[in-house]
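Structural overview
Spelled out from the first residue to the last, the chains are:
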Amino acid sequence: MKLSKTIKAIACAGAALALAATLGACSSNADSSSAGSDANSTDAVELSGNVSTNGSTSMEKVIGSLGEAFMAANPGVTITYDATGSGTGIESASNGSCDLGLASRDLKSEETGLTSITIALDGIAVVVNADCGVDNLTLDQVSKIFTGEITNWSEVGGADLEISCIGREAGSGTRDGFESITGTKDSCVLDQELTSTGAVLTAVSSSPNAIGYASLSAVESADGIKALTIDGVACSEETVLDGTYSIQRPFNIVISENAQLSPQAQAFVDFATSPEAADLIRGAGAVPLA
């Protein structure tokens, strides 16, 4: 899926013009590294060209929102997005097949020669069917459910129903983050392994005995499900940012250490990590760092 093909025109011209001033400064900053021009210089070269991004499906809304705003302020730039999963995004950054990799997890020790830049945080919500009688689980109970030690909702205060665990496919950043945090890596017992966040939410909403996990940004707009509190703490922007919600992960841009970014790619990274991007990130359902 190409971002450039799916983005619609921004309805509010005023917002685009306001962003143009900010992003214009980002563009100037990117050019200043080679031309020595001031961020507000009228001599800055106008940005043009393509910026290809590839990776995490969970980052789609964030990259979509940032890309839409950036292209509105820099009409000569086209940003594309391929939703392939974090593992593929990291590999694409490493082998140079994209400008910017996208990963909803930290780099592993064996993933060398890469730089990871965190642009936002994301809570991974534990979700159940809206009619499930359970509202809270401990992190230990979540671990035991997904490893098959707890198999019936009655064991955690719910109805006498066998629990059906639903998760993401191998290589998914959401799955890697969830399993790493819950201590269930390589030991999850899943009834279904699905290839997208949307598929997980649909499966949980249609199964009264199901439990799954998904990005906070996706859960907030989903029907037929509810997010459980974990150890009494709800998954929200506030609890993710202050660290009290335990199941959370970073949204990262991944860059090869052996490649020099194009001016337009560098300008996009500068914008994505600037305070001016915070409202766009928040509007996309993730938690900005600034």
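For the rest of this paragraph, the subject is the overall build of the chain. Within the chain, the secondary structure is distributed over 11 helices and 12 strands. The burial tally for the chain puts 49% of its 290 residues in the buried class. For the chain, long-range pairs separated by at least 24 residues make up 75% of all intrachain contacts whose partners lie at least 6 apart in sequence. In the form shown here, the chain has an accessible surface area of approximately 12300 Å², with 48% of it arising from carbon and sulfur atoms.

On to the pattern of salt bridges. Applying the stated criterion to the full structure yields 11 salt bridges. The salt bridge involving Asp122 is made with Arg249; its shortest N-O contact spans 2.9 Å. Placement of the pair is Asp122 in strand β4 (residues 114-129) and Arg249 in strand β11 (residues 248-256), with a sequence separation of 127 residues. The burial state of Asp122 is the same as that of Arg249; both residues are buried. We note a salt bridge from Arg282 to Asp279, for which the minimum N-O separation is 3.0 Å.

Bringing the nonpolar core into the picture now. Counting 41 residues, the largest nonpolar core has Val126, Leu137, Ile145, Phe146, Trp153, Phe178 and Ile211 as the members making the most contacts within it. Counting residues per element, the ones that place at least two in this core are β4, α5 (139-146), β6 (164-168), α7 (197-205), β8 (210-215) and α8 (216-219). The contact partners of Trp153, leaving out residues within four places of it in the chain, are Val128, Cys132, Val134, Gly158, Ala159, Leu161, Glu162, Ile163, Asn209, Ala210 and Ile211. Counting 31 residues, the second-largest nonpolar core is a separate cluster that includes Met71, Ile79, Ala267 and Ala286.

Along the chain, the position of Cys98 falls in the loop between α4 (86-95) and β3 (100-103). Each C-alpha atom, one on Cys98 and one on Tyr81, is 9.6 Å from the other, the two residues being 17 residues apart in sequence.

Let's shift gears to unusual backbone geometry. The phi angle of most residues is negative, glycine excepted, and most peptide bonds adopt the trans form. Although it is not a glycine, Asp186 sits at a positive phi angle of roughly 65°. Residue class for Asp186 comes out exposed when judged on its relative accessible area of 76%. With a phi angle near 55°, Asp231 is a residue other than glycine that sits in the positive phi range. For Asp231, the position within the fold is in the loop between β10 (229-230) and α9 (237-241). We classify Asp231 as partly exposed; its relative accessible area is 47%.

A few words now on the packing of helix α3 (residues 60-73) against helix α10 (residues 263-272). When two helices pack together, you describe them by how their axes are tilted relative to each other and by the distance separating the axes. Closest axis-to-axis distance for the α3/α10 pair is 11 Å, and the angle between their directions is 120°. As the angle between them shows, α3 and α10 are arranged oblique. Regarding α3 and α10, the two cross each other, and that crossing is right-handed. Residue-level contacts link Leu66, Gly67, Ala69 and Phe70 of α3 to Gln264, Ala267, Phe268, Phe271 and Ala272 of α10. Split by residue class, the contact of α3 with α10 holds 7 nonpolar, 2 polar and no charged.

Moving on, we get to the packing of aromatic side chains. Applying the stated criterion across every chain yields a total of 5 aromatic pairs. For the ring pair Phe146 and Tyr213, a centre distance of 5.9 Å and an interplane angle of 55° mean the geometry is tilted. Highlighted residues: Phe146 in helix α5 and Tyr213 in strand β8, separated in sequence by 67 residues. Taking the centre distance of 4.1 Å and the plane angle of 15° together, the rings of Phe178 and Tyr213 count as stacked.

What counts, and where the lines are drawn
- Residues numbered from 1 in each chain as written.
- Predicted model: local features only at pLDDT ≥ 70, side-chain atom pairs only at ≥ 80, totals over all residues.
- Heavy atoms only, no water.
- Helix = DSSP H or I, 4+ residues; strand = E, 2+ residues; numbered from the N terminus.
- Buried < 20%, exposed > 50% of the residue type's maximum accessible area, 1.4 Å probe, protein only.
- Contact = heavy atoms within 4.5 Å.
- Areas by Shrake-Rupley, 256 points an atom, 1.4 Å probe, with all protein chains shown as cover.
- Salt bridge = Lys/Arg side-chain N within 4 Å of Asp/Glu carboxyl O.
- Core = buried A, V, L, I, M, F, W, Y, C linked by side-chain atoms within 4.5 Å.
- Axes fitted to C-alpha atoms, helices over the stretch in contact; angles between N-to-C directions.
- Parallel < 35°, antiparallel > 145°, perpendicular 65-115°, else oblique.
- Left-handed = near helix turned anticlockwise from the far one by under 90°.
- Nonpolar A, V, L, I, M, F, W, Y, C, P; charged D, E, K, R; others polar.
- Phe/Tyr/Trp six-rings, centres within 6.5 Å; stacked < 30°, edge-to-face > 60°.

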